[in-house]
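# Coordinate inspection notes
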Amino acid sequence: MKSLVTGGAGFIGSNLVDYLVSKGHKVIVLDNFCTGKRRNLSHHKKKNVKIIKIDISTNKKLNKFNDDLCDECDNLFIELERYRIKGSKQF
């Protein structure tokens, strides 16, 4: 199976990536590394995890990019920073 995880370099996202890889998934991670850390994923081999640095909230080419990636994937997991979602409250 192939899965796409946005925010996959953050604490929750990277643990999700760990779990998916342990279950035999190939994982594509999209993250802007605003709060996520590349070191959270550094233990994964390139054949299991593909990391793409991208800010999905502002990227104008995302529609084509997203269509190409989603066609390949069986699962989509979205991890978002709450404070970056318009209308949400910061804690």
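Here, the structure is the one placed above.
Below is a summary of the structure that appears in this document. Throughout, a residue's number is its position along its own chain's written sequence, starting from 1. Owing to the predicted nature of the model, reporting of local features is limited to residues with pLDDT of at least 70; listing and counting of side-chain atom pairs is limited to 80 or more, with chain, interface and lining totals taken over all residues. Water and hydrogen atoms were dropped before computing side-chain values, which therefore reflect all heavy atoms in the structure.

## Observations regarding the overall build of the chain
Helix and strand labels come from DSSP, where a helix needs a run of H or I of at least four residues and a strand needs a run of E of at least two; each type is numbered from the N terminus. Secondary structure assignment for the chain yields 2 helices and 4 strands. Ordered by position from N to C terminus, the α and β elements of the chain give β-α-β-β-α-β. To sort residues, take the accessible area from a 1.4 Å probe on protein chains only and compare it with the maximum for the residue type: under 20% means buried, over 50% means exposed, and anything in between is partly exposed. The buried share of the chain, reckoned over its 91 residues, is 33%. What makes two residues a contact is simply this: any of their non-hydrogen atoms within 4.5 Å. For the chain, long-range pairs separated by at least 24 residues make up 56% of all intrachain contacts whose partners lie at least 6 apart in sequence.

## As for the nonpolar core
In terms of nonpolar packing, the biggest core is built from 11 residues, these being V5, A9, L16, V17, L20, V21, V27, V29, F33, L41 and V49. Counting residues per element, the ones that place at least two in this core are α1 (11-22) and β2 (26-31). Per-element accounting of this core gives the leading share, 4 residues, to α1. V49 has contacts with V17, V21, V27, V29 and H44, leaving out every residue within four places of it along the chain. By nonpolar core is meant a set of buried Ala, Val, Leu, Ile, Met, Phe, Trp, Tyr and Cys residues that side-chain atoms within 4.5 Å join together. One finds L4, L30, I54 and C73 within the second-largest nonpolar core, a separate group that totals 6 residues.

## A closer look at the side chain of S3
Examined against the element boundaries, S3 turns out to sit in strand β1 (residues 2-6). Two N or O atoms form a polar contact when they lie within 3.5 Å of each other; inside protein one atom must be a possible hydrogen donor and the other a possible acceptor, and for residues adjacent in sequence the pair counts only when both atoms belong to side chains. A distance of 3.0 Å separates a polar atom in the side chain of S3 from a polar atom in the side chain of H25. Those residues in contact with S3 that lie beyond four places of it in its chain are L20, H25, K26, V27, I28, C73, N75 and F77.

## A short note on the sheet that holds strand β3 (residues 49-53)
The strand order across the open sheet formed by 4 strands is β3-β2-β1-β4, and the pairing between neighbours is parallel. Of all the strands in the sheet, the pair left with one neighbour each is β3 and β4 (75-78). For this sheet, the mean angle separating the axes of adjacent strands, direction not counted, is 15 degrees. A pair of strands is treated as paired once DSSP finds two or more bridges between them. Alignment of β1 against β2, held across 5 bridges, turns out to be parallel. Bridge pairing in β2 places L4 opposite I28. Where α1 meets the sheet, its contacts fall on β1, β2, β3 and β4, and the angle it forms with β1 comes to roughly 175 degrees. Note on geometry: axes are C-alpha line fits, over the in-contact stretch for helices, and angles between N-to-C directions span 0 to 180 degrees.

## Brief notes about a nonpolar patch on the surface
On the surface, I56, L76, I78 and L80 cluster together to form a nonpolar patch covering roughly 360 Å² of accessible area. Relative to the helices and strands, L80 resides in the segment after β4. Among the residues examined, L80 registers a relative accessible area of 55% and is labelled exposed. Exposure above 30% relative accessible area and the absence of a salt bridge qualify a residue for a patch, where like charges join within 9 Å and nonpolar side chains (Val, Leu, Ile, Met, Phe, Trp, Tyr) within 5 Å. With residues, only the protein chains shown are counted as cover, and all accessible areas are computed by Shrake-Rupley using a 1.4 Å probe. In the sections that follow, a salt bridge refers to a side-chain nitrogen of Lys or Arg positioned within 4 Å of a carboxyl oxygen of Asp or Glu.

## Quick word on unusual backbone geometry
Residues other than glycine seldom take positive phi values, yet F33 does so here, at roughly 60 degrees. Topologically, F33 is positioned in the loop between β2 and β3. Judged by its relative accessible area of 17%, F33 falls in the buried class.

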